[in-house]
Amino acid sequence: MAEGLSSFWGPVTTAEWCEKNYVYSSYIAEFFNTVSNVPTILLALIGLINALRQRFEKRFSVLHLSNMILAIGSMSYHATLQRMQQQGDETPMVWEMLLYFYILYSPDWHYRSTMPTFLFLYGAGFAVLHSLFRFGIGFKVHYTILCLLCIPRMYKYYIYTNDVSAKRLAKFYVATLIFGSICWLCDRLLCGEISLWFFNPQGHALWHVLMGFNSYFANTFLMFCRAQQLGWNPRVVNFMGFFPYVMVQKPKTQ
């Protein structure tokens, strides 16, 4: 993590990752950790276009937009390694999980008007507190808990889905999550050993790329499940034989 070129952004005020700073540009602290967010933006843009084109509920457009915002925040954080930009990365992470929580649980919520209100107040409260205090490990624990709260519902959707292609999306979601987490942990916990290698595999950058696909697979699977709930006769179509997206056929009354 030693510096190469001079820093445009000044002294580092955040936690660093296992990538040398300012090696390729004085404007980008961690080059690979920055540019590795680009796939997330492109995949979210594809999902957004599909959601708008087929007139999915607005929640899915917001979800894809939140993926893009999160990736942009991550780029800003890794490019500058400044505390404010780190908050601009971490706060959208929590907001995104609250949005996933809403999409997963709102269909069975008996008091539907209370859920978005509570989640909005929760997200706003967290943003204020996070701007005042450095949570450190507390943020990671909090974020992990939010992720774990979504897993039971994702599993329920999986077991109640008979479509093979949709189940494959869920499996890709799990696979990218597992491999991405391994990359994140190796980069964080084994940096001392990795720094001695001739080649740094850039585990955190790989985490970004895998999480971009992870979000796309999760969003596409949830769009399929929601279309089933609404009776839109969804099916997973593979563009050019390998890139999956959801196509729906709504009843004529819709």
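Just so it is clear, the structure is predicted and the values come from calculations on it, not from any experiment.

Colleague: Please explain the overall build of the protein as it appears in this structure.
Modeller: Scanning the protein from terminus to terminus reveals nine helices and two strands. Order of helices (α) and strands (β) in the protein, N terminus to C terminus: α-α-α-α-α-α-α-α-α-β-β. A compact globule built from 254 residues would reach a C-alpha radius of gyration of about 18 Å, and the protein, at 19 Å, matches this within 12%. Here the C-alpha coordinates of the protein stretch approximately 60 × 45 × 30 Å along the principal axes. The buried share of the protein, taken over its 254 residues, is 45%. Roughly 14,000 Å² of accessible area belongs to the protein as shown, and the carbon and sulfur atoms make up 70% of that amount. Looking at charge distribution, the protein has the averaged site of its 19 positive side-chain charges lying 17 Å from that of its 12 negative ones.

Colleague: Looking at this structure, I do not really get the pairing of strand E2 (residues 243–247). What am I missing?
Modeller: Each regular strand displays side chains that alternate between the two surfaces of the sheet. Judged by how many residues are buried, E2 sits mostly within the fold: four of five residues are covered. For strand E1 (residues 235–239) and E2, the ladder comprises five bridges, and the chain directions are antiparallel. In the strand pairing of E2, Val-237 is matched with Tyr-245. Counted along the chain from E1 to the antiparallel partner E2, the turn is three residues long, and its residue Met-240 has a positive phi close to 55°.

Colleague: Please clarify how the environment of Gly-73 should be interpreted in this entry.
Modeller: Tracing the backbone shows Gly-73 in helix H3 (residues 58–80). For Gly-73 and Thr-161, which are 88 residues apart along the polypeptide, the C-alpha to C-alpha distance reads 34 Å. With residues up to four places along the chain from it excluded, the contact list for Gly-73 reads Gln-85, Gly-88 and Asp-89.

Colleague: Help me out: how do you make sense of unusual backbone geometry in this one?
Modeller: As a rule of thumb, non-glycine residues mostly have phi less than zero, and peptide bonds are mostly trans rather than cis. Even without being a glycine, Tyr-22 presents a positive backbone phi close to 55°. Looking at the secondary structure, you find Tyr-22 in the segment before helix H1 (31–35). Located in the positive-phi region is Asn-233, a residue other than glycine, with phi close to 50°.

Colleague: Could you clarify how one ought to interpret the state of the cysteines in this entry?
Modeller: What is meant by a disulfide is a covalent connection between two cysteines, made through their sulfur atoms. Summed over all chains, the structure comprises one disulfide. Note that Cys-18 is cross-linked by a disulfide to Cys-191, the S-S spacing being 2.3 Å. Its S-S torsion of approximately 85° makes the covalent link between Cys-18 and Cys-191 right-handed. With Cys-18 in the segment before H1 and Cys-191 in helix H8 (residues 191–194), this residue pair connects regions lying 173 residues apart in the sequence. For the pair shown, Cys-18 and Cys-191 are each scored as buried. The thiol sulfur of Cys-147 is not disulfide-bonded, and the nearest other cysteine sulfur, from Cys-150, lies at 6.8 Å. Its sulfur unpaired, Cys-186 is 6.9 Å from the next cysteine sulfur, which belongs to Cys-183.

Colleague: Is there a simple way to think about the side chain of Ser-36 in this case?
Modeller: Following the sequence through the fold, Ser-36 ends up in the loop between H1 and helix H2 (38–53). In terms of polar contacts, Ser-36 uses its side chain to reach the side chain of His-208, at 2.9 Å. Excluding residues within four positions of it along the chain, Ser-36 makes contact with Ala-205, His-208 and Val-209.

Colleague: Whenever I open this one, helix H6 (residues 137–159) confuses me. Can you help?
Modeller: An α-helix turns once every 3.6 residues. As a result, residues three or four positions apart point the same way. Given a rise of 1.5 Å per residue, 23 residues ought to cover 33 Å, and the 34 Å separating the end C-alpha atoms of H6 matches this to within 8%. Considering bend angle alone, the principal kink of H6 is centred on Ile-151 and spans about 25°; proline Pro-152 follows within four residues of it. Turning to H6, its buried residues number three or more, namely Phe-139, His-142, Tyr-143, Leu-146, Cys-150, Arg-153, Met-154 and Tyr-157. Elements in contact with the buried residues of H6: helix H4 (83–105), helix H5 (114–132), helix H7 (164–189) and helix H9 (203–229).

Colleague: What is the right way to look at the pattern of salt bridges in this model?
Modeller: Side chains that differ in sign of charge can pair as their charged atoms come close. Evaluation of the coordinates by the stated rule reveals two salt bridges. As a salt-bridge pair, Arg-59 and Glu-57 come within 3.6 Å of each other at their nearest N and O atoms. Close ionic contact of Arg-226 with Glu-57 constitutes a salt bridge, the shortest N to O distance being 2.7 Å. Separated by 169 residues along the polypeptide, Arg-226 in helix H9 and Glu-57 in the loop between H2 and H3 bring together distant segments of the chain. Among the charged side chains, a salt-bridge network with shared partners connects Glu-57, Arg-59 and Arg-226.

Thresholds, definitions, all that
- Residues numbered from 1 in each chain as written.
- Predicted model: local features only at pLDDT ≥ 70, side-chain atom pairs only at ≥ 80, totals over all residues.
- Heavy atoms only, no water.
- Helix = DSSP H or I, 4+ residues; strand = E, 2+ residues; numbered from the N terminus.
- Rg over C-alpha atoms; globule rule 2.2 N^0.38 Å.
- Buried < 20%, exposed > 50% of the residue type's maximum accessible area, 1.4 Å probe, protein only.
- Areas by Shrake-Rupley, 256 points an atom, 1.4 Å probe, with all protein chains shown as cover.
- Lys, Arg positive; Asp, Glu negative; His and termini not counted.
- Charge placed at Lys NZ, Arg CZ, Asp CG, Glu CD.
- Pairing = 2+ DSSP bridges.
- Contact = heavy atoms within 4.5 Å.
- Disulfide = S-S within 2.5 Å.
- Polar contact = N/O pair within 3.5 Å; in protein donor to acceptor, adjacent residues only side chain to side chain.
- Expected span 1.5 Å × (residues − 1).
- Bend = angle between axes of the 7 residues up to and from the residue.
- Salt bridge = Lys/Arg side-chain N within 4 Å of Asp/Glu carboxyl O.

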